[in-house]
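Below are the chains, spelled out letter by letter.
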Amino acid sequence: MTMTTLTRGSHGGLRVSPRWPARYVHVDADALKALQHIQTQLPEELTLILTRGYEARATHLGFARTQFRKFGIGVFRRLYPNRQHEITDIFGSNGHDVDGTHVDISFCLNGRRIRMLPLGVFTPPSWQQRRVERHASSLNCILTLLKRYGFQIHRNATERLQIHCDFRVNQRFRDTIL
Ligand SMILES: [Zn+2]
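Now for a look at the structure at hand. (Residues numbered from 1 in each chain as written. Predicted model: local features only at pLDDT ≥ 70, side-chain atom pairs only at ≥ 80, totals over all residues. Heavy atoms only, no water.)

1. Here we look at the overall build of the protein
Within the protein one finds seven helices and nine strands. Seen through its C-alpha atoms, the protein measures out along the principal axes to roughly 45 × 40 × 30 Å. The contacts of the protein with a sequence gap of at least 6 include a subset with a gap of at least 24, amounting to 66%. As displayed, the protein offers around 9,600 Å² of accessible surface, 52% of which is attributable to carbon and sulfur atoms. Within the protein, the 14 negative side-chain charges are centred at a point lying 6 Å from the centre of the 26 positive side-chain charges. (Helix = DSSP H or I, 4+ residues; strand = E, 2+ residues; numbered from the N terminus. Contact = heavy atoms within 4.5 Å. Areas by Shrake-Rupley, 256 points an atom, 1.4 Å probe, with all protein chains shown as cover. Lys, Arg positive; Asp, Glu negative; His and termini not counted. Charge placed at Lys NZ, Arg CZ, Asp CG, Glu CD.)

Structure (structure tokens):
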């Protein structure tokens, strides 16, 4: 498995914008190829943004994420007492500390970044629902292509809007991209 390190900017047509406080996105080379290919298949008004990939645990960044997570869980518990069962899905590292096939994706519509989660994982479900309805066609288009080329989208509704997905080389990827 080869890992590629990307800085903020455009890489082979794919936009990269590391999520604060990260300055790089480390991503699996095949996953990157797939994302670049998917970008070419999207309608002109849609731009993918890669925001997160591999983050080693034993780094400043990994430490920062762990601290945010601890704090976040406390806040989440208080805000959403009925959503305790989602904590593992939302605050788990979801593979970001394993390798570069686990990525988070965001997108731009006509050059404007669409914030599906304006308050991050604390965005109330009713707001999330409204945004999903408003951007249904963009989202469907992106999710369909991601799935087609080997990305499995997270099962949790909030993580889905962060577009957390796990990449696994599939036949279509082999046939069309390699
Ligand atoms: Zn993620």
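2. A closer look at the pattern of salt bridges
Applying the stated criterion to the full structure yields eight salt bridges. We note a salt bridge from aspartate 30 to lysine 33, for which the minimum N-O separation is 3.6 Å. You can see aspartate 30 and its partner lysine 33 sitting in helix α1 (residues 29-41), three residues apart, about one turn around the helix. Take lysine 33: its relative accessible area is 36%, and that puts it in the partly exposed class. (Salt bridge = Lys/Arg side-chain N within 4 Å of Asp/Glu carboxyl O. Buried < 20%, exposed > 50% of the residue type's maximum accessible area, 1.4 Å probe, protein only.)

3. Some remarks on the environment of leucine 119
Structurally, leucine 119 can be placed in the loop between β7 (112-114) and α4 (125-134). Taking the C-alpha atoms as reference points, leucine 119 and arginine 52, 67 residues apart in sequence, are found 17 Å from one another. The contacts of leucine 119, once residues within four sequence positions are left out, are Pro124 and Trp127.

4. Concerning the coordination of the zinc ion
Every protein donor of the zinc ion is listed here as His96 (NE2), Asp104 (OD) and His164 (ND1), and their distances to the metal cover 2.0 to 2.1 Å. Donor residues for the zinc ion sit on one chain with the sequence pattern H-x7-D-x59-H. Separated by 68 residues along the polypeptide, histidine 96 in the loop between α3 (87-91) and β6 (102-109) and histidine 164 in strand β9 (residues 164-167) bring together distant segments of the chain. A relative accessible area of 3% means that histidine 96 is categorised as buried. Residue histidine 164 is classed as buried on the basis of its relative accessible area of 1%. (Donors = N, O, S within 2.8 Å, 3.2 Å for Na, K, Ca; no water.)

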